[in-house]
Amino acid sequence: MSLWNWIYQFIGRAEAAGDTLRADLFRPFQDALELFETDPDQAFGLLAEGRQAAQQLREAWWILFYEHWQMQVLLFYKPDLKAALDMSVRCAVETRKETYAQFPQRVCLHEDLINAYMGSDPAGYADQIVQALDYIQAEVTPDVDCRFCLQGMRVEFALLMRRLDEAERETAIYTAMTQRTGHYLTAAHTSQCSLSYLRQQWDSLLGWAQAGEALARRHDKPQWLLEFLAWQAFALQKTGQSEAAQRIFRSIMLQEKRLGAVPTESYFTALSTYHEISGEYSEAMEVRRRQLATLVGKGKTQTEVECRLHILRLLQQMGLPLGEEMTAARDIAAQLVDPSRYLAEFDQLSRGV
Amino acid sequence: MEESKRQQFQIHLPGLLKVLAENLYSSKKVAVRELLQNSHDSCVRRSAEGNERGYRPRVEVSVDPERRVLTISDNGSGLSTEEVTEYLSTIGRSYTRELGEKLSVLSPDEASQLIGQFGLGFLSAFLVASEVTLTTKSMKEGSQALRWRSTGDVHYDIAPGERDAIGTTVELKVKPSASFMLNSELLVETIQQYADFLPIPIYMAGDNMPINLMTPPWDAIDRQTAMLDYIGRVFKMSEPLAIIQLHDQTIDLGHDEITIPLQGFLFVPSHSVASVHEYGDLAVYIRRMFICEHQRDLLPPWARFVRGVIDCPYLQPTASREEIHQEDMFGSVQQALEQQLVAGLRNIAETEPTVWKRIVQGHSDVITGWAVRDNEFFAQVADIVTFRTSRGLLSLPEYLKLTNGTVYYVTRELGSLQEQLLGEGRGVPVVDASWFSVTAFLQKYADFKQDIQLVQLDGESKQLLRPVDADPYLALMDFYRKLGIRVRVVTFKPEEVPALVIYPKDAEFITESRNALDQGMLPGPLAGLVSDYIDKMKTSDEDDIRGTLYLNASCALIKQLAETPPAEATRDSVLTLIYQVARLFAGRTLTPTDVKAAFGETIKALEALASK
């Protein structure tokens with residue numbers, strides 16, 4: 001039974017029995033869903049309320065249903081990986097119970113755990129992440145949406161690890177398999193953009209970003225829309241189409257104000273490098289500072305280290321002292337399972353290389 | 001390819017009729033509403049176009065269970081032959097809409113009373129009827145009566161009819177699946193649900209009194225009584241804490257202003273039972289015709305302690321008129337409602353503080369949930385919202401008077417008894433913060449007021465214990481240590497309690513996870529990730545996880561035991577009992593096996609005592 005079938009049947013039974021409290025259990029989710037990208041705090045509050053209602057009614061599956069969606073908000077929209085990791089571990093332990101053996105969202109909860117680790121220290125837990133993805137692969141049947149999430153995670157992991165050949169292979173699969181979807185196909189386009197950027201294929205980047213923009217608009221995905229626009233601005237600037245790039249840049253500023261969720265990591269990268277290639281270092285620095293403000297204390301350790309690395313490089317390019325920034329960057333890097341790669345880069349920067 | 005040819009869609013009318021009639025509407029009852037509305041609009045038309053002095057519109061409904069016929073008759077404008085063909089038999093073409101467009105210039109008052117607009121309503125008759133016969137005589141001079149008949153297929157018949165008076169009679173041959181229509185009581189209930197406020201009287205055949213109220217409660221002479229009656233009748237509630245009557249509202253569009261015509265009222269029920277969307281809903285009328293109930297998108301999301309009824313002609317019904325379109329003016333109506341609700345509540349807070357306090361206290365869970373998200377709202381309620389404490393419901397100012405500026409709270413109901421006991425032992429009540437928003441509210445309150453300390457007691461109960469010199473108790477401690485029990489000697493109140501077992505915050509989860517990992521209950525690859533996290537969880541002292549026994553040096557029994565020589569035979573049994581009782585009282589991290597073992601030890605100790 002799919003998740004949505006279960007929900008449909010549950011609500012139907014509750015309505016038929018005149019059990020309004022149970023019949024209303026889905027509603028906080030519906031309300032929250034509309035707010036994920038525009039007001040994630042409120043969305044999280046509504047989901048917490050749904051969870052509490054489920055707890056009062058002793059509906060174990062519904063409690064985990066709401067926790068899964070709370071984790072989605074924590075993982076992708078607020079984002080707060082510290083809280084997400086704690087919650088995902090607790091949920092993973094809970095799902096071992098017999099009560100959840102048939103729970104259609106069990107796999108999603110396991111994916112949340114992997115996503116939490118991927119978001120915090122993907123390199124540090126690489127082996128366990130790969131094994132866990134393989135394990136889930138065996139659990140996922142071809143008729144459920146989980147297969148899209150799983151493929152998206154494989155792509156994301158390969159990109160985070162900078163395994164570009166693997167990323168290219170997995171992204172091609174992801175794009176092909178999501179052709180008839182809205183959300184996942186748009187997600188696949190964000191991956192294609194990241195891949196093109198890492199491959200330094202600017203025309204390809206522009207193409208995917210333009211196609212992605214159309215999808216994000218059609219499926220009302222403001223967070224990804226912003227990312228696609230930023231990639232376009234960057235790619236246009238990179239290919240010498242400055243006027244068009246500036247036009248898009250102006251619309252980015254408008255769109256960003258409307259977004260309640262934290263923009264994606266790729267957005268900050270695209271925007272910052274757009275400024276860098278335009279020689280606007282202080283603007284690039286301002287973008288990275290904004291990104292850093294969204295990361296501090298949130299448990300996205302690898303991303304925070306990389307953001308700090310970008311800040312250090314910008315400081316060096318601007319001829320400014322690295323001082324305290326370097327100390328802070330080293331302190332955060334020390335939280336990674338294996339910080340050696342970053343520490344080596346910090347050493348190089350310290351030596352002025 | 002040859003040049004393109006322009007072709008026309010082919011419509012399979014019976015199929016379309018079936019789809020529209022059976023799928024457009026969710027309830028068969030709407031057929032009654034649609035027919036009553038046609039009658040109403042027809043009467044409005046006769047009033048507007050007929051210029052007849054003394055015209056008294058009326059609608060009459062009757063049922064003949066034997067013939068299975070439901071009849072709805074009106075003395076409205078009737079239909080001419082052309083109108084029957086143009087409007088009645090043309091799906092999607094609405095005479096009322098076209099009349100409304102005409103009248104909006106010449107007679108805007110009458111135009112605003114017209115309800116129909118889609119030209120689909122008449123189709124709903126086929127939801128309940130296998131055959132529909134309409135006999136009508138138009139108010140147009142020289143008109144002859146007509147009889148129109150259809151069984152819902154592609155054909156209809158028109159023939160001369162028998163009728164002297166101007167107006168229309170619709171006869172429905174009721175299908176077996178809609179037999180409830182032939183039950184007079186159910187029929188009256190349905191008519192009252194949809195058409196209670198229509199200004200034209202609706203009679204059941206043979207009755208002298210109309211079955212509809214005709215006047216909505218907000219227009220009644222004794223509004224207060226009428227509104228209370230409506231709340232009791234429709235919402236099945238009594239004694240609302242407050243009623244806010246709605247009126248037209250001007251809203252600022254930035255570039256311009258617009259006045260939203262609003263009628264109805266909002267009310268605050270006496271209390272909430274649960275938070276999640278229990279209330280926050282409206283019954284919606286458009287031009288006095290009931291559209292839907294439990295509409296939850298018009299009121300602002302924080303207003304879940306409010307219910308009400310509105311009539312707003314700017315709302316746009318869907319084609320089935322069972323829902324409201326959420327576009328165009330919907331947002332403006334939402335805004336108008338929010339403005340009036342905020343103003344109404346502010347007025348209550350300022351002029352009737354006792355009522356405001358009762359509202360906040362009656363809906364504290366809902367209100368704390370919203371207040372943590374909205375600073376302005378938080379400031380309004382911060383000092384009056386009440387919390388469940390170990391001494392009943394208290395507001396924070398009331399609570400803080402008892403605790404000298406510190407808020408002691410527990411976040412989980414399970415296991416909170418021990419913390420409450422400790423709190424009360426020190427003379428401080430404990431706040432139950434198990435509702436998700438309470439902790440956030442307390443935090444916000446502490447930030448807002450400053451100089452307020454928050455102490456979470458679950459996992460941190462040690463804050464209520466006072467260390468003492470352990471020397472006089474070394475023999476007791478030695479007894480427990482030999483059993484592998486971690487032990488401390490402290491003082492705490494109440495003095496009657498000899499000992500407590502206290503666990504750190506995540507002890508249960510860590511224990512549960514380790515058990516699950518040890519027993520291989522988590523899939524291998526996931527187990528590694530879980531294990532890594534559990535290992536990193538704050539465990540200042542590994543032994544803590546198993547709990548620490550705190551002996552109460554203030555307790556007379558503990559003092560007496562400390563002075564008892566270790567060789568005294570009963571001492572060990574009593575110490576065993578003390579530990580097991582404390583462990584069971586804490587109730588945490590115990591598996592069924594642990595509980596069984598604890599009872600086993602308890603019984604052994606009791607038997608040892610009994611044998612002495």
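Nothing here was measured: the structure is a model prediction, and the numbers come from that model.

Reading guide: rules and limits
Residues numbered from 1 in each chain as written. Chains lettered and ligands numbered in written order. Predicted model: local features only at pLDDT ≥ 70, side-chain atom pairs only at ≥ 80, totals over all residues. Heavy atoms only, no water. Helix = DSSP H or I, 4+ residues; strand = E, 2+ residues; numbered from the N terminus. Buried < 20%, exposed > 50% of the residue type's maximum accessible area, 1.4 Å probe, protein only. Contact = heavy atoms within 4.5 Å. Areas by Shrake-Rupley, 256 points an atom, 1.4 Å probe, with all protein chains shown as cover. Salt bridge = Lys/Arg side-chain N within 4 Å of Asp/Glu carboxyl O. Pairing = 2+ DSSP bridges. Polar contact = N/O pair within 3.5 Å; in protein donor to acceptor, adjacent residues only side chain to side chain. Core = buried A, V, L, I, M, F, W, Y, C linked by side-chain atoms within 4.5 Å. Disulfide = S-S within 2.5 Å. Axes fitted to C-alpha atoms, helices over the stretch in contact; angles between N-to-C directions. Buried area = accessible area lost by both parts, 1.4 Å probe. Nonpolar A, V, L, I, M, F, W, Y, C, P; charged D, E, K, R; others polar. Parallel < 35°, antiparallel > 145°, perpendicular 65-115°, else oblique. Left-handed = near helix turned anticlockwise from the far one by under 90°.

**Quick word on the overall build of chain A**
Link 1 in the chain: The number of helices and strands found in chain A is 19 helices and zero strands.
Link 2 in the chain: Residues classed as buried in chain A amount to 57% of the 353 residues present.
Link 3 in the chain: Once local pairs closer than 6 in sequence are excluded, the contacts in chain A between residues at least 24 apart make up 60%.
Link 4 in the chain: On chain A, roughly 15200 Å² of surface is accessible, and the fraction owed to carbon and sulfur atoms is 49%.

**Thoughts on the overall build of chain B**
Link 1 in the chain: The helix and strand tally for chain B stands at 21 helices and 23 strands.
Link 2 in the chain: Every one of the 612 residues in chain B was classed for burial, and the buried ones make up 51%.

**Considering the pattern of salt bridges**
Link 1 in the chain: Within the structure shown, the criterion is met by 45 salt bridges over all chains.
Link 2 in the chain: Note that Glu512 of chain B is salt-bridged to Lys97 of chain A, the shortest N-O span being 3.6 Å. Taken together, the positions of Glu512 of chain B in helix α17 (residues 507–518) and Lys97 of chain A in the loop between α6 (81–94) and α7 (106–120) put the pair across two chains.
Link 3 in the chain: Of the residues examined, Glu512 of chain B reaches a relative accessible area of 24% and is grouped as partly exposed.
Link 4 in the chain: Across the salt bridge formed by Arg313 of chain A and Glu345 of chain A, the nearest N and O atoms sit 2.5 Å from each other. Pair noted here: Arg313 of chain A is in helix α17 (residues 301–317) and Glu345 of chain A is in helix α19 (residues 340–350), with a separation of 32 residues, a long-range link.

**Focus on the pairing of strand β3 (residues 129–137) of chain B**
Two faces make up the sheet, and in a regular strand the side chains alternate between them.
All names here are of chain B.
Link 1 in the chain: Inspection of the sheet shows β3 paired to strand β6 (residues 167–174) by eight bridges, in the antiparallel sense. Among the inter-strand pairings, Val132 is bridged to a residue of β6, identified as Leu172.
Link 2 in the chain: As paired strands, β3 and strand β4 (residues 146–150) are joined by five bridges and run antiparallel to one another. Among the inter-strand pairings, Thr135 is bridged to a residue of β4, identified as Arg147.

**Some details on the side chain of Gln223 of chain A**
Residues and elements named next belong to chain A.
Link 1 in the chain: With respect to the secondary-structure elements, Gln223 resides in helix α13 (residues 222–238).
Link 2 in the chain: Assessed through its relative accessible area of 5%, Gln223 is described here as buried.
Link 3 in the chain: A polar contact is formed between the side chain of Gln223 and the backbone oxygen of Phe76, at a distance of 3.0 Å.
Link 4 in the chain: Within the structure, Gln223 has its side chain in polar contact with the backbone oxygen of Val262 (distance 2.9 Å).
Link 5 in the chain: Excluding residues within four positions of it along the chain, Gln223 makes contact with Glu37, Phe76, Tyr77, Leu259, Ala261, Val262 and Thr264.

**Focus: the nonpolar core**
Link 1 in the chain: Residues Trp62, Phe65, Ile114 and Ile252 of chain A are the most contacted members of the largest nonpolar core, which totals 112 residues.
Link 2 in the chain: Top contributing element to this core by residue count: helix α5 (residues 60–77) of chain A, with twelve residues.
Link 3 in the chain: Listed in part, the 78 residues of the second largest apolar core include Ala371, Phe378, Leu442 and Ile452 of chain B.

**Structural notes on the state of the cysteines**
A disulfide bridge is the covalent bond that connects two cysteines by way of their sulfur atoms.
All names here are of chain A.
Link 1 in the chain: For the coordinates displayed, the defined rule picks out zero disulfides over all chains.
Link 2 in the chain: Free of any disulfide, Cys108 has its nearest cysteine sulfur in Cys146, 3.8 Å distant.
Link 3 in the chain: For Cys146, a relative accessible area of 10% corresponds to the buried category.

**Re the sheet that holds strand β11 (residues 263–268) of chain B**
Through backbone hydrogen bonds, the strands of a sheet pair up, either in parallel or in antiparallel fashion.
Residue and element names in this part refer to chain B.
Link 1 in the chain: Read across the sheet, five strands follow the order β8-β11-β14-β12-β13 without closing on themselves; strand pairing throughout is mixed. Lying at the two open borders of the sheet, with one neighbouring strand each, are β8 (242–245) and β13 (289–295). When the angles between neighbouring strand axes are averaged without regard to direction, this sheet yields 15 degrees.
Link 2 in the chain: In this structure, strand β12 (residues 281–286) lies alongside β13, joined through four bridges in antiparallel fashion. Across the sheet, the residue bridging to Ile286 is Met289, located in β13.
Link 3 in the chain: Lying on the sheet, helix α8 (residues 223–234) is in contact with β8, β11, β12 and β14 (307–311); it crosses β8 at an angle near 115 degrees.
Link 4 in the chain: Strands β8, β11, β12, β13 and β14 of the sheet are contacted by helix α9 (residues 330–351), whose axis makes an angle of about 130 degrees with β8.

**Topic: the interface of chain B and chain A**
Link 1 in the chain: Listed as interface residues are 31 residues of chain B and, on the opposing side, 32 residues of chain A.
Link 2 in the chain: Each partner contributes to the roughly 2900 Å² buried at the junction of chain B and chain A, and carbon and sulfur atoms together form 63% of this total.
Link 3 in the chain: Summed over the shared surface of chain B and chain A, the number is six salt bridges.
Link 4 in the chain: One salt bridge connects Arg96 of chain A with Glu512 of chain B, and the closest N-O pair in it is separated by 3.1 Å.
Link 5 in the chain: Here chain B and chain A share nine residue pairs in polar contact (both at pLDDT 80 or more) between them.
Link 6 in the chain: Residue contributions to the side of chain B that touches chain A peak at nine residues, all from helix α18 (residues 524–536) of chain B.
Link 7 in the chain: For the side of chain B that touches chain A, the per-class residue count stands at 18 nonpolar, five polar and eight charged.

**Overview of the packing of helix α16 (residues 281–295) of chain A against α17 of chain A**
Residues and elements named next belong to chain A.
Link 1 in the chain: Close contact between α16 and α17 brings their axes to 10 Å; oriented N to C, the two are set at 155 degrees. One finds that α16 runs roughly antiparallel with respect to α17. Once α16 is placed against α17, the crossing between them reads as left-handed. The segment α16 lies against α17, with Tyr281, Ala284, Met285, Arg288, Arg289, Gln291, Leu292 and Leu295 engaging Thr303, Glu304, Cys307, Arg308, His310, Ile311, Leu314, Leu315 and Gln317.
Link 2 in the chain: Tallied by class, residues from the contact of α16 with α17 come to nine nonpolar, four polar and four charged.

**Section: the environment of Ala283 of chain B**
Residues and elements named next belong to chain B.
Link 1 in the chain: Looking at the secondary structure, you find Ala283 in strand β12.
Link 2 in the chain: Note on Ala283: relative accessible area 2%, which makes it buried.
Link 3 in the chain: For Ala283, the contacting residues outside a window of four places in its chain are Tyr230, Phe235, Cys292, Glu293, Gly308, Val309 and Ile310.

**Some points on the pairing of strand β22 (residues 499–502) of chain B**
Residue and element names in this part refer to chain B.
Link 1 in the chain: Every second residue of β22 is oriented toward a common face, with Ala499 and Val501 on one face and Leu500 and Ile502 on the other, all of them buried.
Link 2 in the chain: Relative to strand β23 (residues 548–552), β22 runs antiparallel, the two sharing four bridges. In the sheet register, Leu500 faces β23, and the bridge partner there is Tyr550.

**Some words on the sheet that holds strand β5 (residues 156–160) of chain B**
All names here are of chain B.
Link 1 in the chain: Ordered in space as β5-β4-β3-β6-β2-β1-β7, the seven strands form an open sheet in which the pairing is mixed. Two strands bound the open sheet, and with one partner strand each, they are β5 and β7 (202–204). Ignoring which end each strand starts from, the neighbouring axes of this sheet average 15 degrees apart.
Link 2 in the chain: As paired strands, strand β2 (residues 69–74) and β6 are joined by six bridges and run antiparallel to one another. Bridge assignment links Val69 to a residue of β6, and that residue is Lys173.

**Digging into the packing of α17 of chain A against helix α18 (residues 323–333) of chain A**
Residues and elements named next belong to chain A.
Link 1 in the chain: In contact at an axis separation of 9 Å, α17 and α18 are set at 160 degrees when each is read in the N-to-C sense. One element, α17, and the other, α18, form an angle in the roughly antiparallel class. Here α17 runs over α18; the crossing is left-handed. On the side of α17, the interface is formed by Thr301, Glu304, Val305, Arg308, Ile311, Leu312 and Leu315, while α18 contributes Glu325, Met326, Ala328, Ala329, Ile332 and Ala333.
Link 2 in the chain: Of the residues contributing to the contact of α17 with α18, the split by class is nine nonpolar, one polar and three charged.

By themselves these figures say nothing about function.
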